[in-house]
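So the chains spell out like this:
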Amino acid sequence: MILSMDEIEIKLVANPYSVYVGTGWMELLPPFVEGQARVPVVSDRNVWRLYGEGLKNSEEVYGLPELVPVLIQPGESHKNMKTLEKIFAAFAENELDRSGCVLAFGGGVVGDIAGFAAACWMRGVRYIQIPTTLLAMVDSSVGGKTAIDIQAGKNLVGAFHQPSLVLANPALLRTLPPLEFQSGMAEVIKTAVLSSEELCAGILSMEPGVVDPELECVIRACVRFKGDVVAQDEHEGGLRKILNFGHTFGHAIEAKYGFKKYTHGQAVAAGMRIAARYGEGCGISEKGISSRIEALLKRHGLLIEEDAVDLIPWIRNDKKTHGEAIDLVLLKYIGEPVVIPTPFSELERTLKKMFKK
Ligand code: NAD
Ligand code: GLY
């Protein structure tokens, strides 16, 4: 019996799928893995320690095939070629064939690398996202971006490969370390300011760090918003770029500190603060938008100040640059983002003028 689950359809023309947010989702799995002798479950050691036994127990309860853990070390530093090779070796050992399906059971790191492994294996097999972090539930598990990092940069080797199903149980977030929770909230706040006043109000009133029905509603709203964007622009030709709000500056902040000082979400939070002030300073954004975004960030412990001028060389190295310009995502109003192609020379001049020390 499904206890409580909301279905959100991701209406992609070629490969539509559903995201379920709630509890009781294991009973949805059997049709996706029918006829498979063994199902590889890519997970990290932290997640498996907490939830592996529970997942294994569902084999008998739901009549599933054997779920074989393919465990990776936790953390971004393991989202790499070496780990990918180990995953491929496990796929081979378990005789995963073209009709097979893989489970990605973990945060964004597991989802990205398992999804990429599935995209490559025999030129593409199905996979199911079972996200266990807030960031993965609201962002990375939906939309089919998969990747690994290489020496030259983060997420440089990847593919668009949509999952066949996404099963998100917010109860799993109860064990998430507070810093990881906050990191996910940054993507939640990003979605809220891109989408609506209503979602912003909800986020301002919710209790920080608490897993409750309100959080579940917020997760659903974020998935709906991202799903709509992805359905309109799967391969980021235009509209999907809005999902990078705060990320140009955020990636530069991460890179400046060698990916050590901040989590991805914290860096995005600092980046959104810069983007909001930049937009307001240029007259593109409505007056007062930056203080409104700051209020949201402050509410969730994400009010982080970083120097914008120092970021220029790091922004130049961003993989999303094209020639001498970069697509800046700014907000006209809450719920009304714009993508502005901006030459570096102009960006540099404006940053120096606006953020002079
Ligand atoms: P993560 O996967 O590294 O997880 C963070 C930490 O939380 C890990 O130590 C993990 O073991 C632990 N953890 C996971 N679930 C847990 C739980 N329920 N209880 C306790 N601990 C748990 O980090 P993340 O923030 O989920 O993901 C970051 C990654 O996502 C980055 O690699 C980023 O590039 C990627 N990403 C991808 C997309 C996309 O569209 N594909 C979007 C945003 C981010
Ligand atoms: N996280 C941004 C995207 O999926 O496009």
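Scope of this entry: the structure provided in the associated data block.

Cut-offs used in this document
- Residues numbered from 1 in each chain as written.
- Chains lettered and ligands numbered in written order.
- Predicted model: local features only at pLDDT ≥ 70, side-chain atom pairs only at ≥ 80, totals over all residues.
- Heavy atoms only, no water.
- Helix = DSSP H or I, 4+ residues; strand = E, 2+ residues; numbered from the N terminus.
- Rg over C-alpha atoms; globule rule 2.2 N^0.38 Å.
- Buried < 20%, exposed > 50% of the residue type's maximum accessible area, 1.4 Å probe, protein only.
- Contact = heavy atoms within 4.5 Å.
- Areas by Shrake-Rupley, 256 points an atom, 1.4 Å probe, with all protein chains shown as cover.
- Salt bridge = Lys/Arg side-chain N within 4 Å of Asp/Glu carboxyl O.
- Polar contact = N/O pair within 3.5 Å; in protein donor to acceptor, adjacent residues only side chain to side chain.
- Near = heavy atom within 4 Å.
- Nonpolar A, V, L, I, M, F, W, Y, C, P; charged D, E, K, R; others polar.
- Axes fitted to C-alpha atoms, helices over the stretch in contact; angles between N-to-C directions.
- Parallel < 35°, antiparallel > 145°, perpendicular 65-115°, else oblique.
- Left-handed = near helix turned anticlockwise from the far one by under 90°.

### Topic: the overall build of the protein chain
A tally of regular secondary structure across the protein chain gives 13 helices and eleven strands. Compactness check: the protein chain gives a C-alpha radius of gyration of 20 Å against a globular reference of 21 Å for 357 residues, within 12% of the reference. Principal axes of the C-alpha set define a box for the protein chain whose edges measure 65 × 40 × 35 Å. Expressed as a percentage of its 357 residues, the buried residues of the protein chain come to 55%. Of all intrachain contacts in the protein chain linking residues separated by at least 6 positions in sequence, the fraction that spans at least 24 positions is 72%. A total of about 15400 Å² of accessible surface is found on the protein chain, and carbon and sulfur atoms cover 52% of it.

### Thoughts on the pattern of salt bridges
The full count for this structure, using the stated rule, is 24 salt bridges. In this structure, Lys 261 and Glu 306 form a salt bridge, with 3.8 Å as the shortest nitrogen-oxygen distance. Taken as a pair, Lys 261 in the loop between helix H9 (247-256) and helix H10 (264-282) and Glu 306 in the loop between helix H11 (289-299) and helix H12 (312-316) lie far apart in primary sequence, 45 residues in all. On the basis of relative accessibility, which here comes to 8%, the residue Glu 306 falls in the buried class. Between Arg 273 and Glu 294 there is a salt bridge, with the nearest N and O atoms lying 3.2 Å from each other. Placement of the pair is Arg 273 in helix H10 and Glu 294 in helix H11, with a sequence separation of 21 residues. Residue Arg 273 is classed as buried on the basis of its relative accessible area, which comes to 12%. Connected through shared salt-bridge partners, Glu 76, Lys 79, Asp 112 and Asp 149 make up one network.

### Considerations on the side chain of Glu 216
In this structure, Glu 216 sits in helix H8 (residues 213-232). For Glu 216, a relative accessible area of 18% gives the class buried. At 2.9 Å, the side chain of Glu 216 forms a polar contact with the side chain of Arg 220.

### With respect to the site of ligand 2
As a matter of local geometry, ligand 2 sits amid Asp 139, Lys 145, Lys 226, Glu 236, Arg 240 and Leu 243. Interatomic distance of 2.8 Å between a side-chain N/O atom of Arg 240 and an oxygen atom of ligand 2. When ligand 2 is considered free in solution it has 200 Å² of accessible area, and contact with the protein chains removes 88% of it. Its residues assigned to classes, the shell around ligand 2 comprises one nonpolar, no polar and five charged.

### Brief notes about the packing of helix H6 (residues 178-195) against H10
Following both chains from N to C, one finds H6 and H10 inclined at 40°, their axes separated by 7 Å at the closest point. One way to sum up the angle between H6 and H10 is to call them oblique. The hand of the H6/H10 crossing is left-handed. In this structure, H6 contributes Leu 179, Gln 182, Ser 183, Ala 186, Glu 187, Ile 189 and Lys 190 to the contact, and H10 contributes His 264, Gly 265, Gln 266, Val 268, Ala 269 and Met 272. Partitioning the contact of H6 with H10 into residue classes produces six nonpolar, five polar and two charged.

### With respect to the side chain of Thr 83
Tracing the backbone through its elements, the reader meets Thr 83 in helix H3 (residues 81-93). Residues contacting Thr 83, with those up to four places away along its chain left out, are Ile 72, His 78 and Ile 113.

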